[in-house]
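Listed here are the chains, written in short residue letters.
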Amino acid sequence: MIPFGDPSASYKAHKSEIDQVINRVLDSGWYVLGSEVNAFEKEFASFHGKDFHAVGVANGTDAIALCLRGVGLGIGDEIITPSHTAVATVAGIEQAGCTPVFADIDPNTRCIAPKSIEERLGTNTRAIMPVHIYGQPAEMHRILEIAKAQLLEVIEDCSQAHGAKIDGQKVGTFADISAFSCYPTKNLGGTGDGGVILCRSKEIAEKIKSLRQYGWNEERESIFPGFNSRLDELQAAILRVKLKHLAVDNAKRRAIALRYNEGLKDFPITLPTLADNELHAMHLYVIECDRRNELMEYLRAHKIGASLHYPLAVHQHTSYINRIRGGDNLPVTYQFYQRNLTLPMYPELSNDAVEHIISTVHNWFREKN
Ligand SMILES: Cc1ncc(COP(=O)(O)O)c(C=O)c1O
């Protein structure tokens, strides 16, 4: 089976470097929040420019909750976000005590639609949380304009878009604070859970460093009600290795996407757009087509791990259904979830595998249509 993503291929591609740093950490005897985490934070911040601070945390969901707590948001504060995202985005918002509100997506970017954000604004709105879904940058310029006019915070969920750019500027640097997951399947992924926050304010970064460890100050007195959301040294050391390869790995993903787009262009399929002024991180390659379930079964029968991201939008899950404002009016999201289909995408996916996947889609159209 060709999987839709392959963290073990990423480990194998960088094995000698990763094995070396694993041994270094194991020998050091210091396993949580130490010199590797400090170095990862510095390197991740400077990857984004000189004006940033980074804080390593236990996972991407905590990163979202800690961003919100870090900027002082909590109970009663509404955060406008798409329902077309990983459940984690919304779980992180509720973990911080905030209230998610769902906006619809734009059919081209599949990211939150600025017009729908405007329709959801209310007296309790405090922030907008765009998600750069599948590695596609959201419309940050428009979103920042809305936020400025309404005095709202913006928190970018960059969990699927490490290294993506708009007009040469990396996602995560448009807002003052951004959250990233470093789960193994992500473009910047470890071999276990991990997450990182990027922010402009040194003061907020320091507050989040306190919040991630019981709200402690340097004397280990809890000055805020905190979390335990520490990043471990092994993950930090592995992420340092992966960060060095991120740009090249993202370029390999984009080359695969271009080949797919070329190979599939003559079929009634909606393909991801790769805009000239953007660098898509191509975390997932997602097409849209009619009879999506039949095509998915056909691909799986031919040992191609086609998948759904996601089978349900967040507002359709049992625990969110009829509970979140905006969830009853998401026509573009609804339509997208009838037709979305994920094809395999990871930097190590071979040319032969890509050609095999394209010709299997061709065969389905020939045999079944
Ligand atoms: C868009 C998005 N936000 C947040 C997260 C949360 O990350 P984690 O699984 O590391 O908690 C993920 C990853 O699943 C994600 O894809």
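Everything numeric in this text was worked out from a predicted model, so none of it was measured.

*Asks:* Please clarify how the site of the ligand should be interpreted in this entry.
*Replies:* Around the ligand there are 14 residues in total, and Gly60, Thr61, Asp157, Ser181 and Lys186 lie nearest to it. Here an oxygen atom of the ligand sits 2.8 Å away from a polar atom, N or O, in the main chain of glycine 60. Computed on the free molecule, the ligand has an accessible area of 390 Å², of which 88% lies beneath the protein chains in the complex. Only helix H4 (60–70) and helix H5 (87–95) provide two or more residues apiece to the shell around the ligand. Counting residues per element, the shell around the ligand draws most heavily on H4, at three residues. Each residue belonging to the shell around the ligand can be placed in one class, and the counts come to four nonpolar, eight polar and two charged.

*Asks:* Please explain the side chain of asparagine 250 as it appears in this structure.
*Replies:* Among the secondary structure elements, asparagine 250 is positioned in helix H9 (residues 233–264). A relative accessible area of 3% means that asparagine 250 is categorised as buried. Polar side-chain contacts of asparagine 250 include one of 2.9 Å to the backbone oxygen of histidine 162. If near-sequence neighbours (up to four positions away) are discounted, asparagine 250 is found in contact with His162, Gly163, Asn187 and Ala281.

*Asks:* Mind showing me how you'd approach the pattern of salt bridges here?
*Replies:* A side chain with one charge may pair with a side chain of the opposite charge, provided their charged atoms come close. Evaluation of the coordinates by the stated rule reveals 21 salt bridges. The salt bridge partner of glutamate 36 is arginine 240, with a shortest N-O separation of 2.9 Å. Highlighted residues: glutamate 36 in helix H3 (residues 35–47) and arginine 240 in helix H9, separated in sequence by 204 residues. Put simply, lysine 50 and aspartate 51 hold a salt bridge, and the shortest N to O gap is 3.6 Å. Since its relative accessible area comes to 78%, lysine 50 is described here as exposed. By relative accessible area, which is 42% here, aspartate 51 ends up partly exposed.

*Asks:* Please clarify how unusual backbone geometry should be interpreted in this entry.
*Replies:* What you tend to see is this: most non-glycine residues have negative phi, and most peptide bonds are trans. A cis amide bond links histidine 309 with the next residue in sequence, tyrosine 310, at an omega value of 15 degrees. The topology assignment puts tyrosine 310 in the loop between helix H10 (292–301) and helix H11 (331–339). For aspartate 167, which is not a glycine, the phi torsion comes out positive at approximately 45 degrees. Summarising the element assignment, aspartate 167 is placed in the loop between strand S6 (165–166) and strand S7 (169–170). Not every positive phi belongs to a glycine, and methionine 282 is a case in point at roughly 45 degrees. The residue methionine 282 is located in the loop between strand S10 (278–279) and strand S11 (285–288) in this model. The class for methionine 282 is buried, based on a relative accessible area of 0%.

Scoring rules and cut-offs
Residues numbered from 1 in each chain as written. Predicted model: local features only at pLDDT ≥ 70, side-chain atom pairs only at ≥ 80, totals over all residues. Heavy atoms only, no water. Near = heavy atom within 4 Å. Polar contact = N/O pair within 3.5 Å; in protein donor to acceptor, adjacent residues only side chain to side chain. Areas by Shrake-Rupley, 256 points an atom, 1.4 Å probe, with all protein chains shown as cover. Helix = DSSP H or I, 4+ residues; strand = E, 2+ residues; numbered from the N terminus. Nonpolar A, V, L, I, M, F, W, Y, C, P; charged D, E, K, R; others polar. Buried < 20%, exposed > 50% of the residue type's maximum accessible area, 1.4 Å probe, protein only. Contact = heavy atoms within 4.5 Å. Salt bridge = Lys/Arg side-chain N within 4 Å of Asp/Glu carboxyl O.

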